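The chain contents come next:
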There are 2 protein chains.
Amino acid sequence: MAGLPRSCRKPEEALLARKKSTTVKDVAAAANVSRATAARALNGYGYVGSAAAERVLEAAARLGYRGNRVAQALRQGDLPIIGFVPGDIQNPFFAKVAHDIDVAARGSQHSLLIASSEEDLEQERALLDNLRALNVRGMIVAPASGKDNQHLARLVREGTPIVLIDRVLEDLPCDSVAVDNEGGAREAVEHLIAHGHRRIALIQDDTRIVTARDRLAGYINALQANGLPVDQRLIAVSSSTVQHAIDATIRLFSQPERPTAVFTVDSVMTTGALLALRSMGLAVPRDVSLIGFDDFDLATFTDPQITVIAQPVGKIGPLAVRMLLDRIRGLSEPPRHVRFPTRLISRGSVSRIFLP
Amino acid sequence: MAGLPRSCRKPEEALLARKKSTTVKDVAAAANVSRATAARALNGYGYVGSAAAERVLEAAARLGYRGNRVAQALRQGDLPIIGFVPGDIQNPFFAKVAHDIDVAARGSQHSLLIASSEEDLEQERALLDNLRALNVRGMIVAPASGKDNQHLARLVREGTPIVLIDRVLEDLPCDSVAVDNEGGAREAVEHLIAHGHRRIALIQDDTRIVTARDRLAGYINALQANGLPVDQRLIAVSSSTVQHAIDATIRLFSQPERPTAVFTVDSVMTTGALLALRSMGLAVPRDVSLIGFDDFDLATFTDPQITVIAQPVGKIGPLAVRMLLDRIRGLSEPPRHVRFPTRLISRGSVSRIFLP
DNA sequence: CTGAAAGCGCTAACAA
DNA sequence: TTGTTAGCGCTTTCAG
């Protein structure tokens, strides 16, 4: 008899043992029908006599029957859940996207499991593996890295519906939703060049992150298209936290030949740059011009306000969910890639420089 | 023979059918051992001959065996997951707490499932029901409402480990981690009173939310302790979004007798109030003094900076996880309630008023 | 050291 | 209309 009470490693644990919840079997017994009939009544399919159905429902209510999704999932193959793996849940961009995904997912009867990779590739692997092992229906992922993505390739190969957001991996055959990072960055830098700036600094993430790489490309392309040199001393790499961005900015401005303008690749970086500049007594845009990728609350609070490259953040989550649901429903078209354009919002943080 | 391929509602769906993943059975077959032996080798318990074990591991690797958590969960009773139900994932307070919980949970081999209630009681019920049906180990919840919490009471009664954060329900017998909302609010308002203010406005959430209720109590207590009247026209209720807070602030200042100071109950409200005041051409603190509950990035970006009541945000998540894990491990002490003190950070947004 | 078999809770094909 | 039964993938006794 394998009938020992499970999970009794230590005696004291038994005290708090969760009350065994009521199962279909209990309900069926209470209603004097078979498990099959009870299940039919509970889930409303097939033929059930109205008398029997009523008894079942009554018993279920009385016993507090709730159903066990894990068992259902084991039986049916998957859980009505989609996973979202953002790079960092604290970044307002991802928080907003997470919220939008949540709303859209809920609208189609799915729960959302958010698991942040914290920009750590190893962690991302573990999380995706977890989600997969849980048999979620599909996943929306902002990959932490542009390289070493065999784990993603494998998931795709195995048929798990996946939609990439924000960071596209060209060689991965799955849908993606992102913005024109290269174009946006190029526009930002060209805006600075058009205002006479020549020493333009870049504060960016590790180029392992795809968006950082693309925005760097935009920066370089803009410079080269205008015959300006790419000076490595003007490029600061920092992880995307306010404190790191502060340090990077200070380093940048501790050099003999200071930049006259700064382009920051996300709103966290922009926040850090603003704080650093202020602490160094540099006024924007009098001493330094500033333009940031991604619009954010703070951008309109400074005086003057900050010029930014805005992304249509609110469109990303809902579209990603729609695409994912298509795949979950079995759509087998070739991968679709959507790239939204960005938009330069000119505020007051860029000044005109007159060349000698 | 119930051997029909499942899930073939429509023929085209079959095309994309997820590749059936390899099971212990496959591995066992490939290694020429029984399922039991394979399981033993895979999970490293019991006696397994080293030759057999090696064959199993090799076969598992070759076949790409990954394990099925759902089945494990069904067998073992629960999933190594904890759930977090914040009021609103976009609120930076909850985003930070979510991040902290994530880190702490991961440290103890648990995944985190974040499901935001969006301050909707009905939604919260559905989400908690989902989590419960998934057999998660425990949940950390910021209840959307101070009333109508039978759903929570029931979960607790059934033995699901639950820790409340930010918003404590006194009559619910479970652990909680929060801050001294009443005391913090009182200190804020007393600070304003000490600076000579008499017409002090409050911008707050619906009092259905426990923190809003407690902070309102602090506001009222401070006024009464100082012999000041509570004027309903000075109390604006708004849901916690920037736009709603803007509207509420404008309404407040459209009255004949304007307040000389404003106390906002969270950082989103504070952001909204700042935007509204600026749009009305009112300078802080020249025309209006301002103090907000909860410190946030923006508070140090305005000129002058904003005086706030700071909470030890970083301590809440980790402690909640620790308490939850205790319960999961079977701790059966009576409920523990932790309340952190708040701290007034005086910056420049409160001016002294000289009475006539 | 290994294998057979039971059973977690649920659903659904099939028989009655 | 209802009941019987198989089985999802896994772990774990118990008997070899």
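Residues numbered from 1 in each chain as written. Chains lettered and ligands numbered in written order. Predicted model: local features only at pLDDT ≥ 70, side-chain atom pairs only at ≥ 80, totals over all residues. Heavy atoms only, no water.

Looking at an unreviewed UniProt entry, chain A carries the name LacI family DNA-binding transcriptional regulator, with the source organism given as Paracoccus benzoatiresistens.

**Looking at the sheet that holds strand β11 (residues 337-340) of chain B**
Residue and element names in this part refer to chain B. Across the sheet, 6 strands lie side by side as β2-β1-β3-β4-β5-β11; this open sheet has parallel pairing. The strands lining the two open edges of the sheet, one partner per strand, are β2 (111-114) and β11. Geometrically, the sheet is characterised by an average inter-axis angle of 20° between neighbouring strands, direction not taken into account. Sheet analysis places strand β1 (residues 79-85) next to β2, joined by 4 bridges and oriented parallel. Note on β2: the bridge partner recorded for I82 is L112. This element, helix α13 (residues 313-328), spans β1, β3 (136-141), β4 (162-165), β5 (175-179) and β11 of the sheet and lies at about 170° to β5. (Pairing = 2+ DSSP bridges. Helix = DSSP H or I, 4+ residues; strand = E, 2+ residues; numbered from the N terminus. Axes fitted to C-alpha atoms, helices over the stretch in contact; angles between N-to-C directions. Contact = heavy atoms within 4.5 Å.)

**Observations regarding the packing of helix α9 (residues 181-194) of chain A against helix α10 (residues 210-225) of chain A**
Residues and elements named next belong to chain A. Contact pair α9 / α10: the axes reach a minimum separation of 7 Å and the direction vectors enclose 40°. Relative to α10, the element α9 is oriented oblique. Between α9 and α10 lies a crossing whose hand is right-handed. Contact residues: N181, E182, A185, R186, V189, E190 and I193 in α9; T211, D214, R215, A217, G218, Y219, N221, A222 and L223 in α10. (Parallel < 35°, antiparallel > 145°, perpendicular 65-115°, else oblique. Left-handed = near helix turned anticlockwise from the far one by under 90°.)

**Concerning the protein's contact with DNA strand D**
The full set close to DNA strand D counts 27 residues, and G49 of chain A together with V24, R35, Y45 and R75 of chain B are the nearest of them. In DNA strand D, the atoms that sit within 4 Å of the protein are 54% sugar and phosphate, with bases accounting for the remainder. Note that a phosphate oxygen of DNA strand D is positioned 2.8 Å from one of the side-chain N or O atoms of Y65 of chain B. The separation between a phosphate oxygen of DNA strand D and a polar main-chain atom of N68 of chain B is 3.4 Å. Counting residues per element, the ones that place at least two in the surface near DNA strand D are α3 (35-43) and α5 (69-76) of chain A together with α3 (35-43) and α5 (69-76) of chain B. Looking at which element gives the most residues to the surface near DNA strand D, the answer is α3 of chain B, with 5 residues. Tallied by class, residues from the surface near DNA strand D come to 12 nonpolar, 9 polar and 6 charged. (Near = heavy atom within 4 Å. Polar contact = N/O pair within 3.5 Å; in protein donor to acceptor, adjacent residues only side chain to side chain. Nonpolar A, V, L, I, M, F, W, Y, C, P; charged D, E, K, R; others polar.)

**Comments concerning the interface of chain B and chain A**
Across the contact, 69 residues belong to chain B and 66 residues belong to chain A. In this assembly, chain B packs against chain A so that about 5800 Å² is buried in total across both faces, 52% of it on carbon and sulfur atoms. Summed over the shared surface of chain B and chain A, the result is 4 salt bridges. Residue R66 of chain B pairs with E158 of chain A through a salt bridge whose shortest N-O separation is 3.0 Å. (Buried area = accessible area lost by both parts, 1.4 Å probe. Salt bridge = Lys/Arg side-chain N within 4 Å of Asp/Glu carboxyl O.)

**What to know about the nonpolar core**
F84, I140 and I165 of chain A together with F84, I165 and F263 of chain B are the most contacted members of the largest nonpolar core, which totals 150 residues. Look past the residues within four positions of I165 of chain B in its chain and what remains in contact with it is F84, V97, I140, V141, A142, P143, V177, I316 and A320 of chain B. Ranked by size, the runner-up nonpolar core spans 46 residues in total, among them L79, I81, L155 and V156 of chain B. (Core = buried A, V, L, I, M, F, W, Y, C linked by side-chain atoms within 4.5 Å. Buried < 20%, exposed > 50% of the residue type's maximum accessible area, 1.4 Å probe, protein only.)

**What to know about the UniProt feature "domain: HTH lacI-type" (unreviewed entry) in chain A**
Mapped onto the present numbering, the UniProt feature "domain: HTH lacI-type" (unreviewed entry) falls on residues 22-76 of chain A. In this annotation, residues 22-76 of chain A is assigned 71% helix and 0% strand; the end-to-end C-alpha distance for the span is 20 Å. (UniProt positions renumbered as here; feature names shortened; annotations may be inferred.)

**Section: the packing of aromatic side chains**
Following the criterion strictly, the structure yields 2 aromatic pairs over all chains and no others. Aromatic side chains F93 of chain A and F94 of chain A sit 5.1 Å apart centroid to centroid with 75° between the ring planes, which places their arrangement in the edge-to-face category. Owing to a relative accessible area of 6%, F93 of chain A belongs among the buried residues under this scheme. Cation over ring: R215 of chain A sits above F293 of chain A, and NZ or CZ is 3.7 Å from the ring centre. The positively charged end of R278 of chain B is found above the aromatic ring belonging to F301 of chain A, 5.2 Å away from the centroid. (Phe/Tyr/Trp six-rings, centres within 6.5 Å; stacked < 30°, edge-to-face > 60°. Lys NZ or Arg CZ within 6 Å of the ring centre and 35° of its normal.)

**Overview of the domain arrangement of chain A**
Under the domain assignment, chain A is made up of domain 1 (6-67), domain 2 (79-179 + 313-341) and domain 3 (181-312). If you average the C-alpha positions of domain 1 of chain A and of domain 3 of chain A, the two centres end up 61 Å apart. (Domains from an automatic or database assignment.)

**Some remarks on the relation of the copies chain B and chain A**
Mapping chain B onto chain A calls for a screw motion: a turn of 180° about the axis and a shift of 0.0 Å along it, with 0.1 Å RMSD after fitting. Overall, the copies show the geometry of a two-fold rotation axis. For chain B, the residue whose C-alpha comes nearest the rotation axis is L113 of chain B, separated from it by 2.4 Å. When you check the interface residues of chain B against chain A, 96% turn up at the interface there too, and the contact is symmetric in its surfaces. (Least-squares fit on C-alpha atoms with pLDDT ≥ 70 in both.)

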